[in-house]
Amino acid sequence: GKSAQLAEYRTHAKLAKRLPNYRVRLGLSLHSGWAIEGAIGSEFKIDASYLSPSVIVATKLEATTKHYGVTIVFSDTMQRLLSDAVAAHG
């Protein structure tokens, strides 16, 4: 499975030598709200940009995953949108 693959990378001799004690950490946040999407860039490269206070909230929530040592955090706005069955597991 994927855990075996990650373990293999974690113990790979060349990677361990080049990046000692390196660990991948993933933090996720869920929030719901409006956003305006726009394309910015040039004829060679175009990136999407989002303008919204909801994006700022989601970004700040994601930062809290590191502070609390958890993988996922979601806002009360998102919790209210969950089905009763899903909310019961929280």
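Not measured: the values here are computed from a predicted model.

**Some words on the pairing of strand 2 (residues 36-41)**
Here's step 1: The element strand 2 is largely exposed, with a buried count of 0 among its 6 residues.
Here's step 2: Pairing of strand 2 with strand 3 (residues 46-51) involves 6 bridges; the strand directions are antiparallel. If you follow Ala39 over to strand 3, its bridge partner there is Ala48.
Here's step 3: Hairpin connection from strand 2 to strand 3: 4 residues lie between these consecutive antiparallel strands.

**Points about helix 3 (residues 53-68)**
Here's step 1: When the terminal C-alpha atoms of helix 3 are compared, their 23 Å separation across 16 residues agrees well with the 22 Å that a helix rising 1.5 Å per residue should span.
Here's step 2: Looking at helix 3, one finds that the buried residues are Ser54, Ala58, Leu61 and Thr65. When helix 3 is viewed along its axis, its buried side chains cluster within an angular range of 65° and face the same direction. Relative to its buried face, helix 3 has exposed residues pointing more than 90 degrees away, namely Lys60, Lys66 and His67.
Here's step 3: For helix 3, the elements touching its buried residues are strand 1 (28-30) and strand 4 (72-74).
Here's step 4: Sitting at the head of helix 3, Ser52 places a side-chain oxygen 2.9 Å from the backbone nitrogen of Ser54.
Here's step 5: Downstream of helix 3 by a residue or two, Gly69 has a phi angle that is positive, lying close to 70°.

**A word on the side chain of Ser29**
Here's step 1: As for its position among the elements, Ser29 is in strand 1.
Here's step 2: Not counting chain neighbours up to four residues away, the residues in contact with Ser29 comprise Ala58, Leu61, Glu62 and Val73.

**Side note on the environment of Ser52**
Here's step 1: In this fold, Ser52 is placed in the loop between strand 3 and helix 3.
Here's step 2: Spatially, the C-alpha atom of Ser52 lies 8.2 Å from that of Gly33, the residues being 19 residues apart in sequence.
Here's step 3: Filtering out sequence-adjacent residues up to four positions away, Ser52 remains in contact with Trp34 and Ala35.
Here's step 4: One polar contact links the side chain of Ser52 to the main-chain carbonyl oxygen of Trp34, over a distance of 2.3 Å.

**Description of the pattern of salt bridges**
Here's step 1: Within this structure, the stated rule accounts for 2 salt bridges.
Here's step 2: One salt bridge in this structure joins Asp47 and Lys45, with 3.6 Å as the shortest N-O distance.
Here's step 3: Classification of Asp47 as partly exposed rests on a relative accessible area of 39%.
Here's step 4: In this structure, the salt-bridge partner of Asp76 is Arg80, at a minimum N-O distance of 3.4 Å.

Conventions adopted
- Residues numbered from 1 in each chain as written.
- Predicted model: local features only at pLDDT ≥ 70, side-chain atom pairs only at ≥ 80, totals over all residues.
- Heavy atoms only, no water.
- Buried < 20%, exposed > 50% of the residue type's maximum accessible area, 1.4 Å probe, protein only.
- Helix = DSSP H or I, 4+ residues; strand = E, 2+ residues; numbered from the N terminus.
- Pairing = 2+ DSSP bridges.
- Expected span 1.5 Å × (residues − 1).
- Arc of directions from axis to C-beta.
- Contact = heavy atoms within 4.5 Å.
- Polar contact = N/O pair within 3.5 Å; in protein donor to acceptor, adjacent residues only side chain to side chain.
- Salt bridge = Lys/Arg side-chain N within 4 Å of Asp/Glu carboxyl O.

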